[in-house]
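Survey of secondary and tertiary structure
Residues per chain, in single letters:
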Amino acid sequence: MKTSEEYKESLKKMKPNIYKFGELIEDVTTNPATKRTVAGHAQIFDASQKPEYEEILTTKSCLTGKQVSRYLSIISSAEDMIANVRMKRLMFNLTGTCTGGRCAGFNAINAMWAATFDMDKNLGTDYHKRIREWLKDAQKRDITISGALTDPKGDRSKPPTLQKDPDMNLHVIEERNDGIVVRGAKVMICGVAAANEIFIMPGTGYKEQDKDYAVSFVIPRDIENLTIVETRRPSDMREQEEGFDIPVDIGGITQAYLLFEDVFIPKERIFMCKESSYALQAVMNFIAPYRAAIGGCVAGQGDVMIGAAALIAQANGLSEKMFRQKITQMIINNETTFGMGIAAGVLGHKHPSGAWIPDALLSNVNKVHVATLPYDTKRITQDIAGGIAETGCLPSCQDINNPNYGKLLKKYLKANCSGETRAKIARLIEWLTIGAGVPGCMHGGGSPDGAKMMINAKSDINHYIELAKRLADIKEDIQVEPKKK
Ligand SMILES: Cc1cc2nc3c(=O)[nH]c(=O)nc-3n(C[C@H](O)[C@H](O)[C@H](O)COP(=O)(O)OP(=O)(O)OC[C@H]3O[C@@H](n4cnc5c(N)ncnc54)[C@H](O)[C@@H]3O)c2cc1C
C-alpha cells in the first residue's frame, strides 16, 4: 500500500485540468486552493500504517486476499459496515473535516458492484466482470477515487428529455465498438483535487425515454476533454492569511464542477450504458451505506467541537463542568447519528453479489438526523464560546502579532490563558461551526426531504394501525372518504 508521499507523487504526475479563479492549478499538492484537501486525504495513508488504526482503515480484499485500503473494498458484512462508520468518525477526528474524495467513490464502487451483478444476471451483460477487473487493478495501484452522482438537473420538475437543454444531466451521445462518448456535467463533487480517478454513476432513477442518461463508468481525473472547476469557499480569503487564521492546515474540504465536453470512455471502464431500469436501484445501493456512514462523519466532527467547546470554556476561566448539560447534549447528538449508522449497518442484508446493503429505513432516518443534529452541536459550541468565536469578532493573526498594537490586543484577549491561545481556540471554533470545516450535513448524500420520501416508502402505516387496533380490541373497519377536489 502507498505511503502518503507516494500518494502525493501520484497526484503531481497527473495532467493539470483543475481551475480556480480563472487559473489552472499546476500542482494540487501545493496550490493553496487544494493543498489542504490533499493533506487531509494524505492522512488516510499515514494513519493506515499505524497499528492502532490499521484494523479500521484497511481490510482483506475479497478479490485477492491481500490487505487493501478499506476505501477500495467491497462492504461484505455488518462488521465491515461498522468499520466503515468508525473509519468516517476517525477521519473527522484526524482532519476536523471531510475526506470526501474517498467516501463517495467507495460507496459508488459498492453500489455498482451490486447493480452490475444484477444486470449481468438478468441481461447477460459483462459489467460485473469489468468492475471486478478494474477494482483489482485499483487495489493494486492503491488509488484515491472520488464519486460523482449529482447532475446539474436544470428544472427540478422535469426529467432529462423534457429539459430545454439536453445536457442538464450527463448522457451518452455516441456509442462506438470500443466505448462511448459522454456530454454534460456533475456538480458539487467532493475532494476531486485529491483523487486519482472519479467514479461516475446516475444521480437518480430514469425511465426508458431517458435511457441515454443511465450511465456509469470510472475515469482518470485528468482524462481528455474533462475540465474541472473548484468552487469558491468561505475560506478562500483566508488562503491569503497566515498563522492561526488557518486553524487546520492538515485537512480541508473542496467541491468541484466536472465539465464533460464529449469525453470518450473506453469499454472496459463502463459499468452501465442505457440500462435505465437499473439506475434507481444503483442509487438506492449508494444511499444505504452512505447515509448510514455519514452518522460517523458528523459524530467525528462533533467530537472535535466538544473538545473545542470545553477548551474555550477553560480558556475563559470557566470549568467545562459549568456547561455540562450543554456538553451532554452535544454527546447525545453525536452518539445518535453514530449509533444509527451502526444500527443501519447491523440490520442490513447480503446482496447476492456479496455486497452488504444497510437497512434503508434506518439509514434514511439517520440522514434526517445528520441534517439536523450537527447544527445544534454547532450552535451549542458557539453558545459556550462567547462572541469571540462568531465570525467577525476576532482580530487577525497578523494584527495580534503586530509590533505596534499586537501587545495590546494580546493583553485584552487573554483570560485564563494567553491571548494567542484563546484566539487559536476561537478560530478553530469559527472554522468548525461556520467556516470551511463545515461538511455537507444538509445536502451531502442527498436532501433530507428526499430521505423523508424514502422513510415514507419504507414504512407501512397500516401495520402501525393494526398494532393499535389489536391492543384496543377494535374490530371495526374505519374508512376515510377521499377529499373531493
Ligand atoms: C458539501 C457537499 C458535498 C457534496 N459532495 C458530493 C459528491 O462528492 N458527489 C456527488 O455526487 N454529490 C455531492 N454533493 C451534492 C449533493 O449530493 C446534492 O447537493 C444533493 O443530492 C441535493 O441536490 P441539489 O443540491 O441539486 O438540490 P436540489 O435537488 O435542488 O434540492 C433542493 C430542494 O428541493 C427539493 N426538491 C428537489 N427536487 C424536487 C422535486 N422534483 N419535487 C419536490 N422537491 C424537490 C429537495 O428535497 C431540496 O429540499 C455534495 C453536496 C454538498 C453540499
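Residues numbered from 1 in each chain as written. Predicted model: local features only at pLDDT ≥ 70, side-chain atom pairs only at ≥ 80, totals over all residues. Heavy atoms only, no water.

Here we come to the overall build of the protein chain. Within the protein chain one finds 15 helices and 14 strands. Taken over C-alpha atoms, the radius of gyration comes to 24 Å for the protein chain, in line with the 23 Å a tight globule of 485 residues would show. Seen along its three principal axes, the alpha-carbon backbone of the protein chain occupies a region of about 75 × 70 × 50 Å. Taken over 485 residues, the protein chain has a buried fraction of 55%. For the protein chain, the proportion of contacts with a sequence separation of at least 24, taken over those separated by at least 6, is 77%. Carbon and sulfur atoms make up 53% of the accessible area of the protein chain, which amounts to about 22200 Å² in all. Computing the positive centroid from 62 side-chain charges and the negative centroid from 59, the protein chain places the two 3 Å apart. (Helix = DSSP H or I, 4+ residues; strand = E, 2+ residues; numbered from the N terminus. Rg over C-alpha atoms; globule rule 2.2 N^0.38 Å. Buried < 20%, exposed > 50% of the residue type's maximum accessible area, 1.4 Å probe, protein only. Contact = heavy atoms within 4.5 Å. Areas by Shrake-Rupley, 256 points an atom, 1.4 Å probe, with all protein chains shown as cover. Lys, Arg positive; Asp, Glu negative; His and termini not counted. Charge placed at Lys NZ, Arg CZ, Asp CG, Glu CD.)

Before going further, it helps to spend a moment on a nonpolar patch on the surface. There is a patch of nonpolar side chains on the surface, built from Tyr19, Leu24, Met188, Val229, Tyr257 and Leu259 and spanning about 480 Å² of accessible area. Relative to the elements of secondary structure, Tyr19 occurs in strand S1 (residues 18-20). Given a relative accessible area of 34%, Tyr19 falls into the partly exposed group. (Patch = residues over 30% accessible without salt bridge, like charges linked within 9 Å, V, L, I, M, F, W, Y side chains within 5 Å. Salt bridge = Lys/Arg side-chain N within 4 Å of Asp/Glu carboxyl O.)

Here we come to the site of the ligand. The environment of the ligand is formed by 17 residues, the closest being Leu149, Thr150, Lys153, Arg156 and Ser447. Take Thr150: an N or O atom from its side chain is 2.6 Å from a nitrogen atom of the ligand. A distance of 2.8 Å separates an oxygen atom of the ligand from a polar atom in the side chain of Ser447. Protein contact buries 64% of the 970 Å² of open area that the ligand shows by itself. Of all the secondary structure elements, the ones that give two or more residues to the shell around the ligand are strand S5 (145-148) and strand S7 (179-190). A per-element tally of the shell around the ligand places S7 first, with three residues. Partitioning the shell around the ligand into residue classes produces six nonpolar, eight polar and three charged. (Near = heavy atom within 4 Å. Polar contact = N/O pair within 3.5 Å; in protein donor to acceptor, adjacent residues only side chain to side chain. Nonpolar A, V, L, I, M, F, W, Y, C, P; charged D, E, K, R; others polar.)

Okay, the sheet that holds strand S10 (residues 226-230) next. For sheets, the rule is that strands pair by backbone hydrogen bonds, running either parallel or antiparallel. If you walk across this open sheet you meet the six strands as S2-S1-S10-S11-S7-S6, and the pairing is mixed. Only two strands of the sheet have a single partner each, and these edge strands are strand S2 (23-24) and strand S6 (171-176). Pairing between S6 and S7: five bridges, direction antiparallel. By the bridge assignment, Glu175 is partnered in S7 with Ile180. (Pairing = 2+ DSSP bridges.)

This paragraph deals with the side chain of Ser353. Relative to the elements of secondary structure, Ser353 occurs in the loop between strand S13 (349-350) and strand S14 (356-357). Classification of Ser353 as buried rests on a relative accessible area of 12%. Among the polar contacts made by the side chain of Ser353, one reaches the side chain of His351 at a distance of 2.7 Å. From its side chain, Ser353 meets the backbone nitrogen of Ala355 in a polar contact 3.3 Å long. Excluding residues within four positions of it along the chain, Ser353 makes contact with Trp113, Ala114, Phe117 and His128.

Residues Glu197 and Phe199 line one face of strand S8 (residues 197-200) and the alternating positions Ile198 and Ile200 line the opposite face, and both faces are buried. Inspection of the sheet shows S5 paired to S8 by four bridges, in the parallel sense. Considered in S8, the bridge of Ala148 is made with Ile200. Sheet topology note: the S8/strand S9 (residues 215-220) ladder contains four bridges and is antiparallel.

Tracing the sequence through the fold places Ala185 in strand S7. Judged by relative accessible area, Ala185 falls into the buried class, the value being 9%. C-alpha of Ala185 to C-alpha of Glu208: the two residues are 23 residues apart in sequence and 21 Å apart in space. With sequence-adjacent residues up to four places away left out, Ala185 is seen in contact with Thr150, Asp151, Pro152, Asp167, Leu170, Leu258, Leu259 and Phe260.

On the surface, Glu5, Glu6, Glu9 and Asp46 cluster together into a patch of negative charge. As for its placement among the helices and strands, Glu9 is situated in helix H1 (residues 4-12).

Moving on, we get to the domain arrangement of the protein chain. Examined at the domain level, the protein chain breaks down into domain 1 (4-279) and domain 2 (282-462). A separation of 24 Å is found between the C-alpha centroids of domain 1 and domain 2. Tallying the contact residues gives 49 residues for domain 1 and 46 residues for domain 2. Of the roughly 3800 Å² buried between domain 1 and domain 2, counting both surfaces, carbon and sulfur atoms make up 70%. On the domain 1 side of the interface with domain 2, the three residues burying the most area are Arg89, Phe92 and Phe244, jointly 21% of the side's total. The interface formed by domain 1 and domain 2 contains three salt bridges. Counting across the interface, domain 1 meets domain 2 through 16 residue pairs in polar contact (both at pLDDT 80 or more). Taken together, the elements giving at least two residues each to the side of domain 1 that touches domain 2 come down to helix H4 (78-95) and helix H5 (100-123). Counting residues per element, the side of domain 1 that touches domain 2 draws most heavily on H5, which supplies twelve residues. (Domains from an automatic or database assignment. Buried area = accessible area lost by both parts, 1.4 Å probe.)

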